[in-house]
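Single-letter residue listing:
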Amino acid sequence: MPLLQFSTTLSLSPSQRESFAAFVTGRYVEEMETAAGHVAVTISELDPSAMTLGRAVDGPLLFLDAEIREGRPFEYKRAFALTVMERAVAELGVPEPNAKVVFTEHAGEDMMGIDRVGGDWAGE
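Keep in mind the model is a prediction, meaning the values are calculated, not measured.

Novice: How would you sum up the packing of aromatic side chains? Please name residues and give values.
Specialist: For the structure on display, the rule yields three aromatic pairs. Here the aromatic rings of tyrosine 28 and phenylalanine 80 are separated by 5.2 Å at their centres, their planes lie at 90°, and the arrangement is edge-to-face. Residue tyrosine 28 is located in helix α1 (residues 14–32), and its partner phenylalanine 80 is located in helix α2 (residues 74–92); the two are separated by 52 residues in the primary sequence. For the pair formed by tyrosine 28 and phenylalanine 80, the shared burial category is buried. Three or more aromatic residues link up through ring pairs in this structure, and these residues are Tyr28, Phe80 and Phe103. Over the face of the ring belonging to phenylalanine 23 we find arginine 87, whose NZ or CZ atom lies 4.0 Å from the ring centre.

Now the structure itself:
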């Protein structure tokens, strides 16, 4: 189960959150060659005093902590990260320097639900 956790200083409407989460899920499925059923997305809106970035410019911040299963090539991760950051810039007004992504990779067995334990990623 990839867990895609966004922290932002934006104040989004419910429809903006739903639209952004749907976009992120779709792009993750496309770029990472997986199914949508197990992709989890969270969006936490924080007070600007709760987030900092040394190189930030004026404007909202948006950070993505992507907890994913290990094994995907760098190119997949980079394509997904760029797509998400470009969307945040174009649609949410986040300045480019203020959009950041970090990937943390886990063994498949570290990702689980009640009904299953994840396995290794088997890409083409």
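Novice: Report on the side chain of glutamate 67, specifying residues and quantitative values.
Specialist: Relative to the helices and strands, glutamate 67 resides in strand β3 (residues 62–69). Although buried, glutamate 67 forms no salt bridge, and the nearest oppositely charged side chain, arginine 72, lies 12 Å from it. A polar atom in the side chain of glutamate 67 sits 2.3 Å from the side chain of histidine 106. Excluding residues within four positions of it along the chain, glutamate 67 makes contact with Met1, Pro2, Leu3, Gln5, Thr104, His106 and Met111.

Novice: Mind laying out the sheet that holds β3, listing which residues take part and the relevant values?
Specialist: An order of β2-β1-β3-β4 is seen for the four strands of this open sheet, with the pairing classed as mixed. Across the chains shown, the open sheet's two edge strands, defined by having one partner strand only, are β2 (40–45) and β4 (99–106). For this sheet the average axis-to-axis angle between neighbouring strands, irrespective of direction, equals 15°. Of the strand pairs in this sheet, strand β1 (residues 3–8) and β3 are connected by six bridges, and their pairing is antiparallel. Along β3, the bridge assignment pairs leucine 3 with glutamate 67.

Rules used in this analysis
- Residues numbered from 1 in each chain as written.
- Predicted model: local features only at pLDDT ≥ 70, side-chain atom pairs only at ≥ 80, totals over all residues.
- Heavy atoms only, no water.
- Phe/Tyr/Trp six-rings, centres within 6.5 Å; stacked < 30°, edge-to-face > 60°.
- Helix = DSSP H or I, 4+ residues; strand = E, 2+ residues; numbered from the N terminus.
- Buried < 20%, exposed > 50% of the residue type's maximum accessible area, 1.4 Å probe, protein only.
- Lys NZ or Arg CZ within 6 Å of the ring centre and 35° of its normal.
- Lys, Arg positive; Asp, Glu negative; His and termini not counted.
- Salt bridge = Lys/Arg side-chain N within 4 Å of Asp/Glu carboxyl O.
- Polar contact = N/O pair within 3.5 Å; in protein donor to acceptor, adjacent residues only side chain to side chain.
- Contact = heavy atoms within 4.5 Å.
- Pairing = 2+ DSSP bridges.
- Axes fitted to C-alpha atoms, helices over the stretch in contact; angles between N-to-C directions.

Structural measurements only, silent on function.
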